[in-house]
Amino acid sequence: MMELGLGVGEVGVRSALDLARGADAAGFDQVGVGDSQFGAESFTLLAAVAAQTERVRQVSTIAGWSRTPATTAHAAHTIAALGGRRFDLGIGPLPRARVQDWHGLEFDPVVPRMRSYLRALRACLDATPDAPTAVDDPYFPTRGYVGPGFTRFPVRLLLGATQRRMTELAAEVADGVMFNGILPLGWLRDVAPGLVDVGLARSGRDRTEFAVTVGRFCGVDDDAERARDLARHAIAYYFRIPYFRTFLEPLGFAAELDAGERALRADDFPAQVRAVSDRMVDELAVTGTPADVLATLERYEGVVDGLSLSGAKQLPPDVAVEHTARLLEVVAEYRRTHPGTRRAPARGGAR
């Protein structure tokens, strides 16, 4: 059974905790928070969620690599210990401009750098006083880190991916892949499995040892058109991301891309939202009436192992909270009518 997650990173800190507790009670498998310019610092909020929930797992969706591997590993072990359960550590490079302009870090070559980061991060996650880190690497060296002294719980390492090489890298060196929410369902069904197989073959693993997850922006309302409008705001953000055109232009979205990029250059966000057509929403999001949403979720069964849903990106704060609460209620109904859950394998027990 497909795991279900609720994204709460962009609804305000206090509201995020309320919604996380609601997701916990409703039978969700995970609560997600990512590094977003619109929301709280992800690890801080995830730690609070871990401390205030009983069974739902926490996942970073995704955390950028601007933190050192040792800092990231220490935070991940702390969050897992606060919750007393496995933590899913989603890692990704984030947009180039953020890496370079916000943090003053190098971005290229992105795939070799990410490979090195993951190697160092894995070493930090596994480090002990008897086996401290000893990674000599031109990008992310780490020596002598021994890890925290408290009891540790498993940390599953997921790599955020959009394009081919990062997908293959995830399947080669990580415990799972967390696909970008702008990837169409058809691509996830028809293209992604082959890329995952390439990476798994390099590592000598099979598919049962690897988790495939994806994020999806959602809009739910009794009025199907208003539901689409709730998701348009999230999709409009991606006109600024170069790979948005890479994936969508071949699918016949050139007119929408041209209009959205013109609006971006003019700093006209309402025009960006208007550039997101109904067909684009239907291709990239989960929207509609509650019945529509429940039916759409079924289309992901057997395609991915986990689906993380969010309904707040770039919406006004009060609308974001109200809409995410409605989404929680609808998806909780899906969990009630589709009992059971598919748990991807952890990397071991507490230690």
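The rules behind these values
Residues numbered from 1 in each chain as written. Predicted model: local features only at pLDDT ≥ 70, side-chain atom pairs only at ≥ 80, totals over all residues. Heavy atoms only, no water. Buried < 20%, exposed > 50% of the residue type's maximum accessible area, 1.4 Å probe, protein only. Helix = DSSP H or I, 4+ residues; strand = E, 2+ residues; numbered from the N terminus. Pairing = 2+ DSSP bridges. Axes fitted to C-alpha atoms, helices over the stretch in contact; angles between N-to-C directions. Parallel < 35°, antiparallel > 145°, perpendicular 65-115°, else oblique. Contact = heavy atoms within 4.5 Å. Nonpolar A, V, L, I, M, F, W, Y, C, P; charged D, E, K, R; others polar. Expected span 1.5 Å × (residues − 1). Right-handed = clockwise from strand over helix to strand, strands pointing away. Arc of directions from axis to C-beta. Polar contact = N/O pair within 3.5 Å; in protein donor to acceptor, adjacent residues only side chain to side chain. Phe/Tyr/Trp six-rings, centres within 6.5 Å; stacked < 30°, edge-to-face > 60°.

### Considerations on the pairing of strand β8 (residues 155-161)
Within β8, 7 of the 7 residues are buried, leaving the element largely enclosed by the surrounding structure. Going residue by residue along β8, you find Val155, Leu157, Leu159 and Ala161 tucked away on one face and Arg156, Leu158 and Gly160 tucked away on the opposite face as well. When strand β5 (residues 87-92) meets β8, the two strands line up parallel, connected through 5 bridges. Within β8, the residue paired with Asp88 across the bridge is Arg156. Of the strand pairs in this sheet, β8 and strand β9 (residues 176-179) are connected by 4 bridges, and their pairing is parallel. From the neighbouring strand, Gly160 faces β9, where its bridge partner is Met178.

### Some words on the packing of helix α1 (residues 13-26) against helix α15 (residues 317-337)
The interhelical angle for the contact between α1 and α15, taken along N-to-C directions, is 10 degrees, at an axis separation of 10 Å. If you check the angle between α1 and α15, you find them roughly parallel. The residues of α15 that touch α1, namely those facing Ser15, Leu19, Gly22, Ala23 and Ala26, are Val321, Thr324, Ala325, Leu328, Ala332 and Arg335. Looking at the contact of α1 with α15 residue by residue, the classes come out as 7 nonpolar, 3 polar and 1 charged.

### Some remarks on α15
Residues that lie three or four places apart on an α-helix share one face, since the helix turns once every 3.6 residues. Look at α15: 31 Å from first C-alpha to last across 21 residues, which is about the 30 Å you get at 1.5 Å a residue. Taken as a whole, α15 has its buried residues at Ala320, His323, Thr324, Leu327, Leu328, Val330, Val331, Ala332, Tyr334 and Arg335. Buried residues along α15 sit in contact with β1 (3-7), α1, β10 (211-220), α9 (224-236), α14 (290-298) and β12 (306-310).

### As for the pairing of β5
The element β5 is extensively covered by neighbouring structure, given that 6 of its 6 residues are classed as buried. Burial along β5 is two-sided: the face carrying Phe87, Leu89 and Ile91 and the face carrying Asp88, Gly90 and Gly92 are both buried. Note: strand β3 (residues 57-60) against β5, 2 bridges, orientation parallel. Bridge assignment links Val59 to a residue of β5, and that residue is Asp88. Where strand β4 (residues 63-64) and β5 come together, 2 bridges link them in parallel fashion. Considered in β5, the bridge of Gly64 is made with Gly92. Considered for its hand, the β-α-β crossover made up of β4, helix α3 (residues 69-83) and β5 is right-handed.

### Some remarks on helix α11 (residues 254-265)
Over its 12 residues, α11 runs 16 Å from end to end, which matches the ideal 16 Å to within 8%, given 1.5 Å per residue. Residues Glu256, Leu257, Gly260, Glu261 and Ala263 constitute the buried set of α11. Around the axis of α11, the buried residues are gathered within 160 degrees of arc, so they sit on the same side. Exposed residues lying more than 90 degrees from the buried face of α11 are Ala255 and Arg265. Looking at the packing, one finds that the buried side of α11 touches α10 (242-248), α12 (269-275) and α13 (278-284). Backbone geometry just after α11 places Asp267 at a positive phi near 55 degrees.

### Quick word on the side chain of Glu10
With respect to the element layout, Glu10 can be found in the loop between β1 and α1. Looking at Glu10, its side chain comes within polar contact range of the side chain of Lys313, at 3.5 Å. Setting aside its immediate chain neighbours within four residues, Glu10 contacts Ser36, Phe38, Gly39, Ala312, Lys313, Gln314 and Ala320.

### Quick look at the packing of aromatic side chains
The final tally for this structure, using the stated rule, is 10 aromatic pairs. Ring centres of Trp65 and Phe107 lie 6.2 Å apart, and the angle between their planes is 85 degrees; on these two criteria the pair is classed as edge-to-face. With Trp65 in the loop between β4 and α3 and Phe107 in the loop between α4 (96-103) and α5 (110-126), this residue pair connects regions lying 42 residues apart in the sequence. A residue is classified by how much of its surface remains accessible, and Phe107, at 9% relative accessible area, is buried. A ring pair is formed by Phe239 and Phe244, whose centres lie 5.5 Å apart and whose planes are at 80 degrees; its orientation type is edge-to-face. Phe244 carries the same exposure label as Phe239, and that label is buried. Through pairs of rings, three or more aromatic residues link up here, namely Phe217, Tyr237, Tyr238, Phe239 and Phe244.

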